[in-house]
Amino acid sequence: RRYDPRREVESRCRVYLNTGQKQTKASPLNVSRGGALVSSPLPLERGHQVALVVESGSLVLRNLCATVRHVATEDESNYLLGLQFESPLKPGQTQW
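About the criteria used
- Residues numbered from 1 in each chain as written.
- Predicted model: local features only at pLDDT ≥ 70, side-chain atom pairs only at ≥ 80, totals over all residues.
- Heavy atoms only, no water.
- Helix = DSSP H or I, 4+ residues; strand = E, 2+ residues; numbered from the N terminus.
- Rg over C-alpha atoms; globule rule 2.2 N^0.38 Å.
- Buried < 20%, exposed > 50% of the residue type's maximum accessible area, 1.4 Å probe, protein only.
- Areas by Shrake-Rupley, 256 points an atom, 1.4 Å probe, with all protein chains shown as cover.
- Lys, Arg positive; Asp, Glu negative; His and termini not counted.
- Charge placed at Lys NZ, Arg CZ, Asp CG, Glu CD.
- Core = buried A, V, L, I, M, F, W, Y, C linked by side-chain atoms within 4.5 Å.
- Contact = heavy atoms within 4.5 Å.
- Pairing = 2+ DSSP bridges.

## Observations concerning the overall build of the protein
Each helix and strand in the protein was counted, giving zero helices and seven strands. Secondary structure of the protein in N-to-C order comes out as β-β-β-β-β-β-β. Relative to a compact globule of 96 residues, whose C-alpha radius of gyration would be 12 Å, the protein shows 12 Å and is just as compact. Here the C-alpha coordinates of the protein stretch approximately 35 × 35 × 25 Å along the principal axes. A total of 96 residues make up the protein; the buried ones form 39% of that total. When the accessible surface of the protein is split by element, carbon and sulfur atoms take 44% of a total near 6,100 Å². Across the protein, the 13 positively charged side chains and the 9 negatively charged ones have centroids separated by 7 Å.

## Re the nonpolar core
By size, the foremost hydrophobic cluster in this structure holds 19 residues, and its most contacted members are L17, L44, L52, L83 and F85. Every element with two or more residues in this core is listed here: β2 (14-18), β3 (23-31), β4 (35-40), β5 (49-56), β6 (59-73) and β7 (79-85). When near neighbours in sequence (up to four residues on either side) are disregarded, L83 contacts L17, G34, G35, A36, V38, V50, L52, A66, T67 and V68.

## Let's talk about the pairing of β3
Relative to β3, strand β1 (residues 7-8) is paired through two bridges, and the arrangement is antiparallel. Bridged to E8 within β3 is N30. By the bridge criterion, four bridges tie β2 to β3 in an arrangement that is antiparallel. Opposite Y16, over in β3, you have K25 as the bridge partner. Counting the residues in the hairpin turn of β2 and β3 gives four residues, including G20, whose phi is positive at 95 degrees. One ladder, built from four bridges, connects β3 with β4; its direction is antiparallel.

## Observations concerning the pairing of β7
Sheet analysis places β4 next to β7, joined by six bridges and oriented antiparallel. Considered in β7, the bridge of S39 is made with L80. In this structure, β6 lies alongside β7, joined through seven bridges in antiparallel fashion. Bridge pairing in β7 links V71 to L81. Where β6 folds back on β7, the antiparallel hairpin that results is connected by five residues.

Right, dumping it as structure tokens:
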């Protein structure tokens, strides 16, 4: 259940999902203090642990541990992954 409002991601940041086996580029759609929604070419399973790396230019903005809470098909080649952060973000950290 969502307790914090979601913010649309307004920057041109890049997100990578580290699954332990490889790093996959994903597109951030929105973020809240408790989690994020990303579009990914990987159909990860619920409960899967990932490291979420958020970059802008050559700067790493965030490096977060998260768990996949839900998965939905977005289109023929992408999946929507609802991620829950291990630790909630501070209010100012939701602006990517």
